[in-house]
Amino acid sequence: YSKFFVVAKCLGRLLASFVLTLYLAFDAYATQGMLIPFLALTPFVVFPICLYLFMALRWSTTSLMEEQITTKTEAMVDKVNYAIDNYRMVADYNSRAAVVDDVVADIKA
């Protein structure tokens, strides 16, 4: 929830810099007839388009990787929960080392 304020602060600064750049470009055009200051607005147009294209190209790969990580994490949590639920059996048969090795092998994989 606190990240909302950080994002809002960044968006406010971005909007303020855009408005200031726009104002200065129109002021330079009105007073001196210069069109070159409008080039300062290029990053506000070009960067979002480039970032969107980059994200669109990476979306499928990123989604696949996130799904694989989630699946492996859920499997690990299930294994640990199973070991916790069956703690008495693990302790009684002195199989703690085997359970730990199994979990460590999953972590390394």
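Heads up: these notes are all about the structure in this document. Fair warning: this is a prediction, and the values are worked out from it, not measured in the lab.

## Here we look at the overall build of the protein chain
Okay, so step 1: Helix and strand counts for the protein chain stand at four helices and zero strands.
Okay, so step 2: When burial is assessed residue by residue, the protein chain has 6% of its 109 residues classed as buried.
Okay, so step 3: Between the mean site of the 9 positive side-chain charges and the mean site of the 10 negative ones, the protein chain shows a separation of 9 Å.

## Focus on helix α2 (residues 42-85)
Okay, so step 1: Under the 1.5 Å per step criterion, the end-to-end length of α2 is 60 Å for 44 residues, consistent within 8% with the ideal 64 Å.
Okay, so step 2: Roughly 45° is the biggest bend found in α2, and it falls at Trp59.

## Quick look at the pattern of salt bridges
Okay, so step 1: Counted under the stated rule, the structure contains three salt bridges.
Okay, so step 2: Lys79 is the salt-bridge partner of Asp106, the closest N and O atoms lying 2.4 Å from each other. Of this pair, Asp106 sits in helix α4 (residues 96-108) while Lys79 sits in helix α2, and the two are 27 residues apart along the sequence.
Okay, so step 3: Assessed through its relative accessible area of 32%, Asp106 is described here as partly exposed.
Okay, so step 4: Asp92 is the salt-bridge partner of Arg88, the closest N and O atoms lying 3.1 Å from each other. Taken as a pair, Arg88 and Asp92 lie in helix α3 (residues 87-92) at a separation of four residues, close to a single helical turn. Assigned by exposure class, Arg88 and Asp92 land together as exposed.

## Observations concerning the packing of aromatic side chains
Okay, so step 1: Counted by the stated rule, this structure contains four aromatic pairs.
Okay, so step 2: Aromatic side chains Phe4 and Phe5 sit 5.5 Å apart centroid to centroid with 75° between the ring planes, which places their arrangement in the edge-to-face category. Each member of the pair Phe4 and Phe5 is classed as exposed.
Okay, so step 3: A centroid spacing of 5.1 Å and a plane angle of 75° characterise the contact between Phe18 and Phe44, whose relative ring orientation is edge-to-face.

## Section: the side chain of Thr21
Okay, so step 1: When you line up the elements, Thr21 lands in helix α1 (residues 3-32).
Okay, so step 2: Apart from the residues lying within four places of it in its own chain, the contact partners of Thr21 are Ala40, Leu41 and Phe44.

The rules behind these values
Residues numbered from 1 in each chain as written. Predicted model: local features only at pLDDT ≥ 70, side-chain atom pairs only at ≥ 80, totals over all residues. Heavy atoms only, no water. Helix = DSSP H or I, 4+ residues; strand = E, 2+ residues; numbered from the N terminus. Buried < 20%, exposed > 50% of the residue type's maximum accessible area, 1.4 Å probe, protein only. Lys, Arg positive; Asp, Glu negative; His and termini not counted. Charge placed at Lys NZ, Arg CZ, Asp CG, Glu CD. Expected span 1.5 Å × (residues − 1). Bend = angle between axes of the 7 residues up to and from the residue. Salt bridge = Lys/Arg side-chain N within 4 Å of Asp/Glu carboxyl O. Phe/Tyr/Trp six-rings, centres within 6.5 Å; stacked < 30°, edge-to-face > 60°. Contact = heavy atoms within 4.5 Å.

Function cannot be inferred from these measures alone, as they are strictly geometric.
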